[in-house]
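If you want the building blocks of each chain, they are given just below.
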Amino acid sequence: MKSEHTHTDEPDDTAGQLTGEGRPDPATETFVAHRNLLFTVAYEMLGSAADAEDVLQETWLRWAGVDLGTVRDRRAYLVRITTRQALSRLRTLGRRKESYVGTWLPEPLLTAPDVAEDVELADSVSMAMLLVMETLTPSERAVFVLREVFDLEYEEIADAVGKSQAAVRQIAHRARAHVAARRPRGSISPNETREALDAFGRAVETGDLQGLLDILAPDAVLLGDGGGVKQAVPRPIVGADKVARLLIGGLGRVTALSMRPAEVNAGPALIIRLDGEIDTVVAVRIDHGLITGLYAVRNPEKLSYMRGVTALRR
């Protein structure tokens, strides 16, 4: 089942059979009903929408061969298949990241306002949190996502990750402590977010260095992901002065450039277009009214999900 994005015209090679009445068969109906949830599980585990889609294809192929009469809880069964496929894919991704050129950032998603309204879901898919989850082991990440975000019982998680309940409880405790020490600091109101984003965009567009310094936290960090295809900062830039000068120097020289605010990964962001085409997506982390993190994704392979809203669900 392809997702609800408008970015692809590929044929749907996971379409199920129709019943005699022209309705999808029960396996297809169940899969479609839980599809957005399964995509969200896979994406949170992988940080890659393209890989999450592949995981869903694999999940469908396995689900299509299941005897539904033996399944007590279809949602839990599907989550289990998805988790196992994502864990396998996560280990492959780890090897890919080792040879990745420059900084690796999660694949940005254009999200609907309802995702931001679910505070826990919004927090879990933010760029900042996905980067924190990158520091977990594959098992820790799976357990953290299933327990803390989707509130699954330990018994269900144990089935999904192939470990005992006692081991899962220990992993959950360890992952929770690890994330708590590194997670984003606090939330701010939509008005504060809008004001900070407007001030940032205005300062960058007008080349106002002082205006930029006023909105950046002293320890602000800029990360860039060009994937070796587009130019990007090769390592994190730390400190308001360095970040501000780099932005003014880099963007100030570019003509035919436009910026507009957007909701990316359930948080504030700016979409930078060059000659009308999306060039860069900058997810923005704001703490106490100041910008503390800028995550600039330029790798063209990671921008296809910006053409349409992605439905995320818990």
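Everything below is about the structure printed above this text.
Scoring rules and cut-offs
- Residues numbered from 1 in each chain as written.
- Predicted model: local features only at pLDDT ≥ 70, side-chain atom pairs only at ≥ 80, totals over all residues.
- Heavy atoms only, no water.
- Patch = residues over 30% accessible without salt bridge, like charges linked within 9 Å, V, L, I, M, F, W, Y side chains within 5 Å.
- Areas by Shrake-Rupley, 256 points an atom, 1.4 Å probe, with all protein chains shown as cover.
- Salt bridge = Lys/Arg side-chain N within 4 Å of Asp/Glu carboxyl O.
- Lys, Arg positive; Asp, Glu negative; His and termini not counted.
- Charge placed at Lys NZ, Arg CZ, Asp CG, Glu CD.
- Helix = DSSP H or I, 4+ residues; strand = E, 2+ residues; numbered from the N terminus.
- Buried < 20%, exposed > 50% of the residue type's maximum accessible area, 1.4 Å probe, protein only.
- Pairing = 2+ DSSP bridges.
- Contact = heavy atoms within 4.5 Å.
- Core = buried A, V, L, I, M, F, W, Y, C linked by side-chain atoms within 4.5 Å.
- Axes fitted to C-alpha atoms, helices over the stretch in contact; angles between N-to-C directions.
- Parallel < 35°, antiparallel > 145°, perpendicular 65-115°, else oblique.
- Left-handed = near helix turned anticlockwise from the far one by under 90°.
- Nonpolar A, V, L, I, M, F, W, Y, C, P; charged D, E, K, R; others polar.
- Expected span 1.5 Å × (residues − 1).
- Arc of directions from axis to C-beta.

Engineer: Could you give an account of a negative patch on the surface, naming the residues involved and the relevant values?
Structural biologist: Together, Asp-151, Glu-153, Glu-155 and Asp-159 make up a region of like negative charge exposed at the surface. Along the chain, Asp-159 turns up in helix H8 (residues 154-161). By relative accessible area, Asp-159 is classed as partly exposed at 38%.

Engineer: Now, about the pairing of strand S4 (residues 267-274): what can you tell me, with residues and values included?
Structural biologist: Of all eight residues that make up S4, six are buried, and the element is covered over most of its length. In this structure, the hairpin formed by strand S3 (residues 257-264) and S4 is closed by a connection of two residues, where Asn-265 is found at a positive phi of approximately 50°. Pairing analysis gives six bridges linking S4 to strand S5 (residues 277-287), with the strands arranged antiparallel. What sits directly across from Leu-270, in S5, is Val-282.

Engineer: Quick one: what's the story with the pattern of salt bridges, residue by residue and with numbers?
Structural biologist: A complete count under the given rule lists 17 salt bridges for this structure. Of the charged contacts, one joins Glu-53 and Arg-35 as a salt bridge, the two residues approaching to 2.7 Å between their closest N and O atoms. Placement of Glu-53 in helix H2 (residues 49-63) and of Arg-35 in helix H1 (residues 26-46) is noted, with a sequence separation of 18 residues between them. The buried category is assigned to Arg-35, whose relative accessible area is 5%. For Lys-230, the salt bridge is made with Asp-279, and the minimal N-O distance between the two is 3.2 Å. On the criterion of sequence distance, the pair formed by Lys-230 in the loop between strand S1 (216-225) and strand S2 (237-238) and Asp-279 in strand S5 is long-range, its members being 49 residues apart. Take Asp-279: its relative accessible area is 11%, and that puts it in the buried class.

Engineer: Quick one: what's the story with the side chain of Thr-59, residue by residue and with numbers?
Structural biologist: Positionally, Thr-59 belongs in helix H2. Those residues in contact with Thr-59 that lie beyond four places of it in its chain are Phe-31, Leu-78, Ile-81, Thr-82 and Gln-85.

Engineer: Mind laying out the nonpolar core, listing which residues take part and the relevant values?
Structural biologist: Side chains that are nonpolar tend, in soluble globular proteins, to be buried together. Judged by nonpolar contacts, the single largest core of 57 residues is most densely connected at Phe-39, Met-45 and Trp-63. Secondary-structure elements contributing two or more residues to this core are H1, H2, helix H3 (74-98), helix H5 (119-125), helix H6 (127-133), helix H7 (138-149), H8 and helix H9 (165-180). Considering every element that reaches this core, the biggest residue donor is H1, with 10 residues. The contact partners of Trp-63, leaving out residues within four places of it in the chain, are Ala-27, Thr-30, Phe-31, Leu-68, Val-71, Arg-74, Tyr-77, Leu-78 and Ile-81. Core analysis: the next-biggest nonpolar cluster, separate from the first, contains 26 residues, Leu-212, Val-243, Ala-244 and Leu-247 among them.

Engineer: Help me get a handle on the packing of H3 against H8, residues and values and all.
Structural biologist: Taken N-terminus to C-terminus, the directions of H3 and H8 make an angle of 45°; their axes are 8 Å apart at the nearest point. One finds that H3 runs oblique with respect to H8. As for the relative orientation of H3 and H8, their crossing is right-handed in sense. Taken together, the residues of H8 that come into contact with H3 (itself represented by Ala-76, Arg-80, Thr-83, Arg-84 and Leu-87) are Glu-156, Asp-159, Ala-160 and Val-161. The class makeup of the residues in the contact of H3 with H8 is four nonpolar, one polar and four charged.

Engineer: Describe H9, with residues and values.
Structural biologist: Helix length check: H9, at 16 residues, gives a terminal C-alpha distance of 22 Å against a target of 22 Å (1.5 Å per residue), a fit within 8%. Inspection of H9 places Val-168, Ile-171, Ala-172, Ala-175 and Val-179 among the buried residues, and these make up the whole buried set. Buried residues of H9 fall within an arc of 105° about the axis and therefore sit on the same side. Among the exposed residues of H9, those pointing more than 90 degrees away from its buried face are Ala-166, Gln-170 and His-173. Its buried side turned inward, H9 meets H6, H7 and H8.

Engineer: How would you summarise the sheet that holds S3 if you had to cite specific residues and measurements?
Structural biologist: The strand order across the open sheet built from six strands is S2-S1-S6-S5-S4-S3, with neighbouring strands paired in mixed fashion. Because the sheet does not close on itself, it has two edges, and the strands there are S2 and S3. As paired strands, S1 and strand S6 (residues 290-297) are joined by six bridges and run parallel to one another. In the sheet register, Val-221 faces S6, and the bridge partner there is Gly-293. Along the sheet, helix H10 (residues 190-206) makes contact with S3, S4, S5 and S6, crossing S4 at roughly 25°. Taken strand by strand, helix H12 (residues 240-251) contacts S1, S2, S3, S4 and S6, and its axis lies near 50° from that of S1.

All we've got here are geometric facts, nothing functional implied.
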